[in-house]
Amino acid sequence: METGTKKGMILGRHHYGENNMTARYANGNRKAQQKAYNKTKKGLKLRIRANKLRRKLKLKKGDSRDAAHYKGSTSKGRPQSRAKNRASRLKIRR
């Protein structure tokens, strides 16, 4: 196995090409893609509703709970543990 730091070189078991060199958030989202999505109509609506519910429930940034919407509602919700709330959106069920 070769090791190196140039683009396209094999490092360990993973191949790092230009596509894998993009900046990512901790949850795996690509930063540039997420910034662009947050500016679209749909992304902006989602962000506004999420922030509004967070304020309504008086949850601070860094709180161990998320503001979780009730199914089908855009304005009502409850505080819910981060792990439980974010696991509900996983593509692969464990």
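Residues numbered from 1 in each chain as written. Predicted model: local features only at pLDDT ≥ 70, side-chain atom pairs only at ≥ 80, totals over all residues. Heavy atoms only, no water.

### Notes on the pattern of salt bridges
In total, this model carries three salt bridges according to the counting rule given. Between Asp66 and Arg54 there is a salt bridge whose closest N-O contact spans 3.8 Å. Remark: Arg54 occurs in helix α2 (residues 41-56) and Asp66 occurs in strand β3 (residues 65-69); sequence separation between them is 12 residues. The class for Asp66 is buried, based on a relative accessible area of 7%. One network of salt bridges, in which partners are shared, links Arg54, Asp66 and Arg86. (Salt bridge = Lys/Arg side-chain N within 4 Å of Asp/Glu carboxyl O. Helix = DSSP H or I, 4+ residues; strand = E, 2+ residues; numbered from the N terminus. Buried < 20%, exposed > 50% of the residue type's maximum accessible area, 1.4 Å probe, protein only.)

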